[in-house]
Amino acid sequence: MGKADFLSPKAISNRIKAKGLQKLRWYCQMCQKQCRDENGFKCHCMSESHQRQLLLASENPNQFMSYFSEEFKSDFLELLRRRFGTKRVHNNIVYNEYISDREHVHMNATQWETLTDFTKWLGREGFCKVDETPKGWYVQYIDRDPETIRRQEELEKKKKQDLDDEERSARFIEEQVRRGREGKDPEEEPVFTELKRENEEEKVTFNLAPSTSRGPSKASASLTPSGLKVAPSTKRKDHSHSVNSKDKKKKSALDEIMEMEAQKKSLRSDNWIRPDIVVKVITKRLGEKYHKKKAVIREVQDKYTAMVKMIDSDDKLKLDQSHLETVIPAPGKRVVIVNGQYRDAEAILEGINEKNFSATLIIDSGHMKGKRVEGIAYEDFSKQA
């Protein structure tokens, strides 16, 4: 029987059947030929081309099996890395996505008989973390890319540095509290006694006089007739004065760290954009033409809106502050400090500390000209236009 005519219903049906993924048992890996049914696969196995391929494979079967095994392993791991990353996933889910490609290497041509054997082999060789559950085997890809490892180490170093800073601040506060307690007069500690009445029918009255001192005072109330006595006014004044002076010393010691933090916060501002600085456009809403491109701020409107001019195309845009970021030039170039204690000061970039994401600047304007400052964050300065 001859072939069906072009664009005939039979020919169209044959092309539709040949496009999709078909049964794997009727696929010849050596010839890379897919058959639609058992009869077609039988005819292929009896063909001369198939017999020649079998003769070639019989000369060195281990070489062909090693090649197919390596292809299967590399394609499987590449799919696992790109599709699922380092997430924990069922191995059968990955395998179903892998065999959806009709050009894939079949497992019956590799050294592994089942998917479970292949999963165990991945765990033994250290390519993946594998674990068995009542629902089956799960795999988790281990990313050994040097760039990924370096990025993770930098994040861990930054987290450790933040924790060290917090611990250092906590120890400083504890030390200030300890010093404040050591300098406190033990006679100022309040003494609590039980309140008793000699006569049950008699009322207890308190006379609370106004006191300017915040600390505890021994002579602040009078009790009748149980025997609490009010000290003379002169002694009361002297005592309140001494308590006030000690309270002031204690306050300055305890609140020193709080005042420093409050001062730092007051020097920072929510808006950092200013004219005549170079910035980078980070929004993707304007398309790839402007994404990651540099521009110069010409005008600032309402503190948070900038009129910028693109350096490459000379286009003028109106952008929000959140769509821009600072530009760090090469060492030796001029920059402008846009936030923090030295805001609006011009400086020269001396060096960059990549571990702390900060830089060292030399002030080049104002009364602090020539001063060298360290630890200026990347987002607190930008290249001068």
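Structure: see above.
We now turn to the structure provided with this report. (Residues numbered from 1 in each chain as written. Predicted model: local features only at pLDDT ≥ 70, side-chain atom pairs only at ≥ 80, totals over all residues. Heavy atoms only, no water.)

1. Remarks on the sheet that holds strand β12 (residues 324-326)
Part 1: Pairing in this open sheet of 5 strands is antiparallel, and the strands run β11-β10-β9-β8-β12 from one edge to the other. The sheet terminates laterally at β11 (316-320) and β12, the two strands that pair on one side only. Each neighbouring strand pair of the sheet contributes to a mean axis angle of 45°, computed without reference to strand direction. (Pairing = 2+ DSSP bridges. Helix = DSSP H or I, 4+ residues; strand = E, 2+ residues; numbered from the N terminus. Axes fitted to C-alpha atoms, helices over the stretch in contact; angles between N-to-C directions.)

2. Remarks on the side chain of K73
Part 1: Topologically, K73 is positioned in helix α4 (residues 61-84).
Part 2: Judged by its relative accessible area of 12%, K73 falls in the buried class. (Buried < 20%, exposed > 50% of the residue type's maximum accessible area, 1.4 Å probe, protein only.)

3. A look at unusual backbone geometry
Part 1: One non-glycine residue with positive phi stands out, namely K303, at about 70°.
Part 2: Here K303 shows up in the loop between β9 (294-301) and β10 (305-310).
Part 3: In this structure, F357 takes a positive phi of about 55° despite not being glycine.
Part 4: Among the structural elements, F357 can be located in the loop between β14 (346-353) and β15 (358-363).

4. Details of the nonpolar core
Part 1: Counting residues in each nonpolar core, the largest one holds 23 residues, and the members touching the most others are F72, L80, V94, Y95, F118 and L122.
Part 2: Among the elements of the structure, α4, α5 (91-98), α6 (115-125) and β5 (136-141) are those that each provide at least two residues to this core.
Part 3: Considering every element that reaches this core, the biggest residue donor is α4, with 7 residues.
Part 4: Ignoring anything within four residues of it in the chain, the contact list for L80 reads G85, V89, V94, C128, V139 and Y141. (Core = buried A, V, L, I, M, F, W, Y, C linked by side-chain atoms within 4.5 Å. Contact = heavy atoms within 4.5 Å.)

5. Describing the sheet that holds β5
Part 1: If you trace the 3 strands from one edge of the open sheet to the other, you get β3-β5-β4, paired in antiparallel fashion. Two strands in the sheet have a free side with no partner beyond their single neighbour: β3 (88-90) and β4 (128-133). Across the sheet, the mean angle separating the axes of adjacent strands is 30° when strand polarity is ignored.
Part 2: The sheet contact formed by β4 and β5 spans 6 bridges and is antiparallel. Among the inter-strand pairings, E132 is bridged to a residue of β5, identified as W137.
Part 3: Docked against the sheet, α4 engages β3, β4 and β5, running at close to 75° with respect to β5.
Part 4: Against the sheet, α5 contacts β3 and β5, and its axis sits at roughly 70° relative to β3.

6. With respect to the packing of aromatic side chains
Part 1: For the structure on display, the rule yields 12 aromatic pairs.
Part 2: The interplanar angle of 45° and the centroid separation of 6.2 Å between the aromatic rings of F72 and W112 together place this pair among those described as tilted. In this pair, F72 is assigned in helix α4 and W112 in the loop between α5 and α6, connecting sequence segments 40 residues apart.
Part 3: Between the aromatic rings of F76 and F118, the centroid separation amounts to 5.0 Å while the plane-to-plane angle is 90°, which identifies the pairing as edge-to-face. Of the two residues, F76 sits in helix α4 while F118 sits in helix α6, which places them 42 residues apart along the sequence.
Part 4: You can call F118 buried: its relative accessible area is 0%.
Part 5: Members of the aromatic cluster, connected to one another through ring pairs, are F72, F76, Y98, W112, F118, W121 and F127.
Part 6: Cation over ring: R83 sits above F84, and NZ or CZ is 4.7 Å from the ring centre.
Part 7: Across from the ring centre of Y138, 4.2 Å away, lies the NZ or CZ of R88, which sits over that ring. (Phe/Tyr/Trp six-rings, centres within 6.5 Å; stacked < 30°, edge-to-face > 60°. Lys NZ or Arg CZ within 6 Å of the ring centre and 35° of its normal.)

Honestly, that's just the spatial picture; any functional story needs more than this.
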